[in-house]
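# Observations on the three-dimensional arrangement
Residues per chain, in single letters:
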Amino acid sequence: MSLASRGKWPRLALMLYAILAYGFLFAPIAASFVFSLNADRFPTLPLSGFSFAWYEAILSDRAVWDALLNSLRVAFLTAILSTTFGFGAAYTDYRYNFFGKGAYLALALLPPTVPVLVLGLAMLAFLSRISLSGELYSVVIAHSVLATPFAMAIIRLRLSQIDPAIEGAAWNLGASPWRAMRYVILPFARPAIISALFLTMAVSFDEYAMAWFVSGLNETVPVRVLSILQGSVSPEINAIGSIVFTISIALVVLAQVIYTRNQNSQNRRMSH
Amino acid sequence: MSSVLQIKNVTKRFGAATAVDSLSLDVGAGEFLAIMGSSGSGKSTLLRMIAGLEQPSEGDILLNDVSTRGLAAHERDTPMVWQSLALFPFLNVLENVEFGLKMRGVAPAERRKRAMTWLERLEIERFAKRAITELSGGQRQRVALARSLVTEPPVLLLDEPLSALDAHLTMRMQSVLSGLQRELGITFVYVTHSHSEAFSMSDRVVIMSEGRIQQIGTPRDLYLRPVSRFVAEFLGANNIFSGEVREDHQGEKVLTTEDGPIRLPERAYSRALGERIELVVSSDRLVLTDGEAPNRLSGRLIGEEFIGAGVNLFLETGSGREIIIQVPQRELNDLSLTPGRSLTVGWLPDDGHVIESDDRFRHVS
C-alpha cells in the first residue's frame, strides 16, 4: 500500500514522525552549526549576531592545523591500506572455496563489532609491546584494522555481481592470472574500490577512541577537540565540530554517490 | 582429414565423482563437432578441459599433435564462446574484441585494424564504440564470436552459446555460425543439449552420458541407427519394442512381443534364435493403414499433439504399450480423431532398426 492511498491523517502523522526522528538526530549538529556562527560566547537564545570569529580563532590555532594535517595523513594512509586489505579479503571470498571459509569471513568482518574502547586498549597494549606505539603510523595501523571490514563489505558486494565466467573468459583469451586481475577484475570493481577509499577515509577521520590510545603526542582532530573541551567550553568547539562534520559527511556522500551511480548503470544493464 | 584435437583416455574426477570417464575422441581439421548430453553428462567439463580451465585427472589432450599437459588456460589458443557470453561490461564493443590481441602483445594500431575486420565480418562494425549494455542479445552474440575468433585460432569452443536467445534469433545465429565455420575452415566444438542445433549444423555428433561417449556419428547415422536404447530415447525415439528372436510359420525372422510378432529388417536376419533384442521404429516411418501392411499394430487413440506440419498421435495397444505416429496434416482431413477410437498402424520391416538389448543405460534416462 502506498503512502498516498492511506487516509489524510495517518499520512500527516507519519510525516510528523519522520520529521521528529530526523530532528532528534540532527538538531544537536544543527545547533552546533548555528552557534558556531553566533557572536555570543555562550549558547543562548536569542542569537546575538552573525560572526566568523570562532572559525578565525580555531583556524589561527597552530595545534588545530597540526591535528588536521595529522588526521588527513592518517585518513589517507588508512584509506589506501584498508582498501587494499579489504579488496584482498573480498577477492579471496569471491574466488576460492576452502575449509573454514565461514570462520574466515566472520573474523574478517569482526572488528567494527568490538567496542572501540576495547580495541583501542588492546591496540595500545599490543603496539607498545612491539614498540610501534605512540607514533602517527600507530594510528594508521589501528584505523586500518577498524576500517578494513567496511572496504571489504563494499567490494565484496560488487564482486558478487560479477559474471562468474568472466575471469575464466579473460584467461581463455590469453590473459595470465595477474593480467586478468589488472585488466578485468580491477576495472570491474573500480567503483566499489573508489567508494571504499572514501568511506574508510571517513571512518578514520572521525575515529577518536583508538587514536587517543595509540597516538601519543601526535593528536588527530577528534583528539584535539577533546583537549580543547577539557580546557574550556568555548564556541570554538562548535566551529571545529562543524568543519569535521562537513568533511566526514562529504566523504560518506561521495562514497554513496559513486556507488549508487554504478548501481544504476547495473540496473540499466539488467533491464535490457 | 588430420586431427586438430585428440583427446586420449581423459578422466576427470571431482572428489569422489567422475565427470569424464576415460574418454577418447579425435576431432578433424575443419570439422563441426557437436557434443550432446543432458546436464551432468560431462560435456561441459570436457570442453573446459580442452580450454585448460580444468586439468584432466588422467590422460592427455593434444592440440595439433602437441600435448597440452601442464599448460594453463592462457597458454593455449582455444578460445571459447561462453553460455553467458562473459563479455567485459566495462569495455566497449571494439575493446572487447581487441582483448585477445592485446593480451598477445599486438600493437594498438594493428589490433584495432584486425578487430574492425572481424566486426565487419559479423556485420556489427557500426556498434564498435557502443557499450555492451546498449546491445541486443543477438548483437552481443556476434561480439562474443568476434572476440573469440579475432586471434584466428585452430579450434573454437562453444558452450551452449545460443541457449539465451529466442527461437527466431537462434535460427539466424545457427546459419551465421555454420556459414562462418565453413568459410573459415576452423574446427568448431559445440556443446549443446538442443537436438536441432546439433543436428542442423554439425558434421558429427557425440552423445555423452555419465562421462562417456555413448555414440558418435553423423546426424543421419545417429538418427537412423542408434546403437543403444539410451541413444534412441535421448534422440526422441518412442517406439521401442523388446522381445526375443523367433521364426514364424513361413520361416521368417520375427520379434515376439506382447502385441504379437513383428517382422525384423533384413539386416537383422543373422540374429540367432532366442536372442533378446530391441527394435526401434521412428514415428515418421509409421503410417495409418486400413488392412494390408507387412507389420501391423492396432491401438486406441489416447491423445494428439500438434507439431506444425503434422500431428503426433498417441495410441495405446492391447498390451498397454504407447505408440507415437507422426501424421502429415493432409492425411488428417478425412479422419475423425475421436479419443478412444481404434486405429491401425503399419510399417515396412526394413524401417525398423535393431539395437542391443543392453540394460547398462536404462537407469540414466
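Quantities reported herein were computed from a predicted structural model and do not represent experimental measurements.

How each quantity is defined
Residues numbered from 1 in each chain as written. Chains lettered and ligands numbered in written order. Predicted model: local features only at pLDDT ≥ 70, side-chain atom pairs only at ≥ 80, totals over all residues. Heavy atoms only, no water. Helix = DSSP H or I, 4+ residues; strand = E, 2+ residues; numbered from the N terminus. Lys, Arg positive; Asp, Glu negative; His and termini not counted. Charge placed at Lys NZ, Arg CZ, Asp CG, Glu CD. Buried < 20%, exposed > 50% of the residue type's maximum accessible area, 1.4 Å probe, protein only. Contact = heavy atoms within 4.5 Å. Areas by Shrake-Rupley, 256 points an atom, 1.4 Å probe, with all protein chains shown as cover. Phe/Tyr/Trp six-rings, centres within 6.5 Å; stacked < 30°, edge-to-face > 60°. Lys NZ or Arg CZ within 6 Å of the ring centre and 35° of its normal. Buried area = accessible area lost by both parts, 1.4 Å probe. Polar contact = N/O pair within 3.5 Å; in protein donor to acceptor, adjacent residues only side chain to side chain. Nonpolar A, V, L, I, M, F, W, Y, C, P; charged D, E, K, R; others polar. Axes fitted to C-alpha atoms, helices over the stretch in contact; angles between N-to-C directions. Parallel < 35°, antiparallel > 145°, perpendicular 65-115°, else oblique. Left-handed = near helix turned anticlockwise from the far one by under 90°. Pairing = 2+ DSSP bridges. Domains from an automatic or database assignment. Salt bridge = Lys/Arg side-chain N within 4 Å of Asp/Glu carboxyl O.

We now examine the overall build of chain B. Counting its secondary structure elements, chain B contains eight helices and 20 strands. In terms of overall dimensions, chain B has C-alpha extents of about 80 × 50 × 35 Å along its principal axes. Between the averaged position of the 41 positive side-chain charges in chain B and that of its 49 negative side-chain charges there is a distance of 6 Å.

On to the overall build of chain A. Scanning chain A for helices and strands turns up eleven helices and zero strands. Taken over the C-alpha atoms alone, chain A extends approximately 70 × 65 × 30 Å along its principal axes. Residues counted as buried form 39% of the 272 residues belonging to chain A. The contacts in chain A between residues at least 6 apart in sequence include a share of 73% that link residues at least 24 apart. Here chain A has roughly 15100 Å² of accessible surface; of this, 71% comes from carbon and sulfur atoms. Each charge class in chain A was averaged separately, 18 positive and 12 negative side chains, and the resulting centres sit 16 Å apart.

What follows concerns the packing of aromatic side chains. This structure, assessed with the given rule, holds eleven aromatic pairs over all chains. Arranged with centres 6.3 Å apart and planes meeting at 10 degrees, the rings of A:Tyr22 and A:Phe26 form a pair that is stacked. Pair noted here: A:Tyr22 and A:Phe26 are both in helix 1 (residues 8-36), with a separation of four residues, about one helical turn. Ring geometry for B:Phe241 and B:Trp347: centres 5.8 Å apart, planes at 10 degrees, overall stacked. Separated by 106 residues along the polypeptide, B:Phe241 in strand 11 (residues 240-247) and B:Trp347 in strand 19 (residues 342-347) bring together distant segments of the chain. An identical accessibility class is assigned to B:Phe241 and B:Trp347; each is buried. Of the aromatic side chains, those joined through ring pairs into one cluster are A:Phe87, A:Tyr91 and A:Tyr94. Positioned above the aromatic ring of A:Trp9 is the side chain of A:Lys8, whose terminal nitrogen or guanidinium carbon lies 5.6 Å from the ring centre. Across from the ring centre of A:Phe188, 4.0 Å away, lies the NZ or CZ of A:Arg158, which sits over that ring.

Each partner contributes residues to the interface: chain B has 25 residues there, and chain A has 20 residues. When the two sides are added together, the surface that chain B and chain A hide from each other amounts to roughly 2000 Å², 68% of it contributed by carbon and sulfur. Looking at the side of chain B facing chain A, the largest losses of area belong to B:His74, B:Phe90 and B:Met103, adding up to 30% of the total buried there. Where chain B packs against chain A, one counts five residue pairs in polar contact (both at pLDDT 80 or more). Contributing elements (two or more residues each) for the side of chain B that touches chain A: helix 2 (93-103) and helix 4 (137-149) of chain B. When residues in the side of chain B that touches chain A are grouped by element, the largest group, four residues, is from helix 2 of chain B. Along the lines of polarity and charge, the residues of the side of chain B that touches chain A split into 14 nonpolar, six polar and five charged.

The next point concerns the packing of helix 6 (residues 136-159) of chain A against helix 8 (residues 177-206) of chain A. Residue and element names in this part refer to chain A. One can describe the packing of helix 6 onto helix 8 by two numbers: an axis separation of 8 Å at closest approach and a directional angle of 150 degrees. Taken together, the axes of helix 6 and helix 8 are roughly antiparallel relative to one another. For the crossing formed where helix 6 meets helix 8, the hand is right-handed. Taking contact as the criterion, the partners of His-143, Leu-146, Ala-147, Phe-150, Ala-151, Ile-154, Ile-155, Arg-158 and Leu-159 in helix 6 are, on helix 8, Ile-185, Phe-188, Ala-189, Pro-191, Ala-192, Ile-193, Ser-195, Ala-196, Leu-199, Thr-200, Val-203 and Ser-204. The residue inventory of the contact of helix 6 with helix 8, partitioned by class, reads 16 nonpolar, four polar and one charged.

For the rest of this paragraph, the subject is the sheet that holds strand 19 of chain B. Residues and elements named next belong to chain B. Strand order in the open sheet formed by five strands is 15-19-16-17-18, and the pairing between neighbours is antiparallel. The two strands at the open ends of the sheet, each matched to only one other strand, are strand 15 (287-288) and strand 18 (322-328). When strand 16 (residues 295-306) meets strand 17 (residues 310-317), the two strands line up antiparallel, connected through seven bridges. By the bridge assignment, Arg-300 is partnered in strand 17 with Glu-316.

A separate point is the side chain of A:Ser32. Residue and element names in this part refer to chain A. Looking at the element boundaries, Ser-32 is found in helix 1. A polar contact of 3.4 Å, which involves the side chain of Ser-32, links it to the side chain of Asn-238. If sequence neighbours within four positions are ignored, Ser-32 has contacts with Asn-238 and Ser-242.

Packing of helix 8 of chain A against helix 2 of chain B brings their axes to within 13 Å, and their N-to-C directions diverge by 155 degrees. With respect to helix 2 of chain B, the axis of helix 8 of chain A lies roughly antiparallel. As for how helix 8 of chain A packs across helix 2 of chain B, the hand of that crossing is right-handed. From helix 8 of chain A, A:Arg179, A:Tyr183 and A:Val184 reach across to helix 2 of chain B, where they touch B:Phe99, B:Lys102 and B:Met103.

Residue and element names in this part refer to chain B. Even without being a glycine, Asn-9 presents a positive backbone phi close to 50 degrees. Positionally, Asn-9 belongs in strand 1 (residues 3-14). Phi at Ser-22 takes a positive value of approximately 30 degrees, unusual for a residue other than glycine. Inspection of the secondary structure assignment puts Ser-22 in strand 2 (residues 17-28). For Ser-22, a relative accessible area of 43% translates into the label partly exposed.

Before going further, it helps to spend a moment on the environment of A:Phe52. Residue and element names in this part refer to chain A. Relative to the helices and strands, Phe-52 is located in the loop between helix 1 and helix 2 (53-59). Exposure remark for Phe-52: the relative accessible area of 47% places this residue in the partly exposed category. C-alpha separation for the pair Phe-52 and Pro-164, spaced 112 residues apart in sequence, amounts to 56 Å.

Turning our eyes to something else, we now look at the domain arrangement of chain B. All names here are of chain B. Domain parsing of chain B yields domain 1 (3-230) and domain 2 (231-364). Between the C-alpha centres of domain 1 and domain 2 the distance comes to 38 Å. Domain 1 puts 19 residues into the contact, and the matching count from domain 2 is 18 residues. Of the roughly 1900 Å² buried where domain 1 meets domain 2, counting both sides, 61% is carbon and sulfur surface. Looking at the side of domain 1 facing domain 2, the largest losses of area belong to Pro-226, Arg-229 and Phe-230, adding up to 43% of the total buried there. Counting the contacts that link domain 1 with domain 2 gives two salt bridges. Note that Glu-278 is salt-bridged to Arg-229, the shortest N-O span being 2.4 Å. Counting the contacts that link domain 1 with domain 2 gives 13 residue pairs in polar contact (both at pLDDT 80 or more). When contributions to the side of domain 1 that touches domain 2 are tallied by element, the ones reaching two or more residues are helix 6 (195-201), strand 9 (204-209), strand 10 (212-217), helix 7 (219-224) and helix 8 (229-234). Of the residues forming the side of domain 1 that touches domain 2, the biggest block, three residues, is contributed by helix 7.

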